[in-house]
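Below, each chain spelled out in residue letters.
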Amino acid sequence: MSLFLNELKIHNFRNHGSFHIEEPGRLIIIIGRNATGKTNIVEAVQLVSMLESFRTPQWSTVVGNNDLNTSVEAEFTQNGRALTIRMDIEDGRRSYSLNDKKHNKVDLIGLIPAVIFVPDDLNLIKESAETRRKLVDDIGKQLSSTYLQIGADYQKTIRQRNMILREYKEEKGLTPLLDSWDENLVVLGALLFTHRIRLYRRYMERARFFYRQLTGEEELSSRYIPSFLQPGEELTDEDLVEMDKEEVERRLTDALKEAREKELAREKSLVGPHRDEIIFYLDGYEARKYASQGQQRSIALALKLGQLDLIREISGNQPLLLLDDVMSELDGSRREALIKTIDGQVQTIITATDLQCFNGPLWESAQIIELV
């Protein structure tokens, strides 16, 4: 199915009192100096497509001009069907509507798939493990309401369990309550793990493919390391994919028992999918330790292209691509690889400080918006 952004209206969002894009083409380039609000526009589009912000803001802070409310409205065409999604923020709370009818956020998840690429993503190989897990979870949340709900319930469990671990020293009678939350962690953690590991395997196949396309040299590989591994134990990704939910539950239960004293000492949950790691390798060498900056950026780009390709395959929709100030961070060969993917197929919004990175027939057809 085709997916196309036809119109974008922003009211009172951050520094934009009013901003309007009408009848854009396949490629929109937003040019402006720093602090002119380019990233704010990308964030606004993300909020009506992915329904989240890469900035994780306090919602009361995004309302501009000291006003009381803000809104972002986007009209899309999807397989010939008109969809208008609107987000309002009032008193620090978000609400959503679809074609003028109020909807819960969860009802709209995955309706307008998108992939966002920001400068921080170029360093994801060396960032926290959470950053790499999020690569997989961002796909899952857009493709499956079940994945989204399991993840939300699991995070709630971790928050509650961490609170009990912090209070345990003062209230020794909390053991039964902690045991109960352990059971929740095991059940939800096993569900999240089994969904994530299967999605991860499909995702990494695409990332490896795109890395070969980008470089034609080293072989990209990865390893998923669950927190329930025993000391000295090594399991391949295939071993993990073949595990059923019951085996994962058993492993989580055993790992939680062994970690209880350490968790009480550190007052946080140390076992579960929220502690899993993904490690990348080039020709068998750990990329975090040995890859050059250029190689790390090639991996990051391959991972983003892999997201785009997998979402397209599973959802049947061509996702929007949101590129916030990354073109100047990529060298010529990596920009060319990205352009090849964009070329006439993926509707893309790009922000940049100038047009120096853009040349060729694709850019000549772009709609260019200059912010002052």
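Just so it is clear, the model here is predicted, and its values are computed rather than measured.

A. Region of the structure containing the packing of aromatic side chains. Summed over the entire model, instances satisfying the criterion amount to six aromatic pairs. Seen in terms of ring centroids, F193 and Y224 are 5.8 Å apart; in terms of plane orientation they differ by 70 degrees. Their pairing is edge-to-face. Highlighted residues: F193 in helix α5 (residues 175–215) and Y224 in strand β9 (residues 220–225), separated in sequence by 31 residues. For Y224, a relative accessible area of 0% corresponds to the buried category. Both rings, one in Y285 and one in Y290, keep their centres 5.9 Å apart while their planes meet at 75 degrees; by these two values the pair is edge-to-face. Residue Y285 is classed as exposed on the basis of its relative accessible area of 56%. Here the aromatic residues F193, Y200, Y224 and F228 are joined through ring pairs into a cluster of three or more.

B. A look at the pairing of strand β6 (residues 93–98). Examined bridge by bridge, strand β5 (residues 81–90) and β6 share six bridges and lie antiparallel to one another. Note that in β6 the partner of I85 across the bridge is L98. Sheet topology note: the β6/strand β7 (residues 101–103) ladder contains three bridges and is antiparallel. What sits directly across from L98, in β7, is K101.

C. Spotlight on the environment of D137. Tracing the sequence through the fold places D137 in helix α3 (residues 129–143). Along the sequence, D137 and H195 sit 58 residues apart, while their C-alpha atoms lie 9.6 Å from each other. Contacts of D137, omitting those with residues within four sequence positions, involve Y147 and R196.

D. Inspection of the nonpolar core at higher detail. With 75 residues, the main nonpolar core has L303, L323, L338, F358 and W363 as its most contacted residues. The element that contributes the greatest number of residues to this core is α5, accounting for 15 residues. Counting residues in hydrophobic clusters, the runner-up holds 42 residues, among them I28, L47, V72 and I85.

Conventions adopted
All chains use their own residue numbering, which begins from 1 and follows the written sequence. Local features in this predicted model are restricted to residues whose pLDDT is 70 or higher, and side-chain atom pairs enter the listing and the counts only when it is 80 or higher, whereas totals over whole chains, interfaces and linings include all residues. Computation of side-chain values covers all heavy atoms of the structure but excludes hydrogens and water. Aromatic pairing here means that ring centres of Phe, Tyr or Trp (its six-membered ring) are within 6.5 Å. Orientation follows from the plane angle: under 30 degrees is stacked, over 60 is edge-to-face, and everything else is tilted. Under the DSSP-based scheme used, a helix requires at least four consecutive residues in state H or I and a strand at least two consecutive residues in state E, with every element numbered from the N terminus. Each residue's exposure class comes from its accessible area (1.4 Å probe, protein chains only) as a fraction of the maximum for that residue type: buried when under 20%, exposed when over 50%, partly exposed otherwise. Strand pairing is defined by DSSP finding a minimum of two bridges between the two strands. The criterion used for residue contact is that any of the two residues' heavy atoms lie within 4.5 Å. We call a set of buried residues a nonpolar core when its members are Ala, Val, Leu, Ile, Met, Phe, Trp, Tyr or Cys and they connect through side-chain atoms within 4.5 Å of each other.

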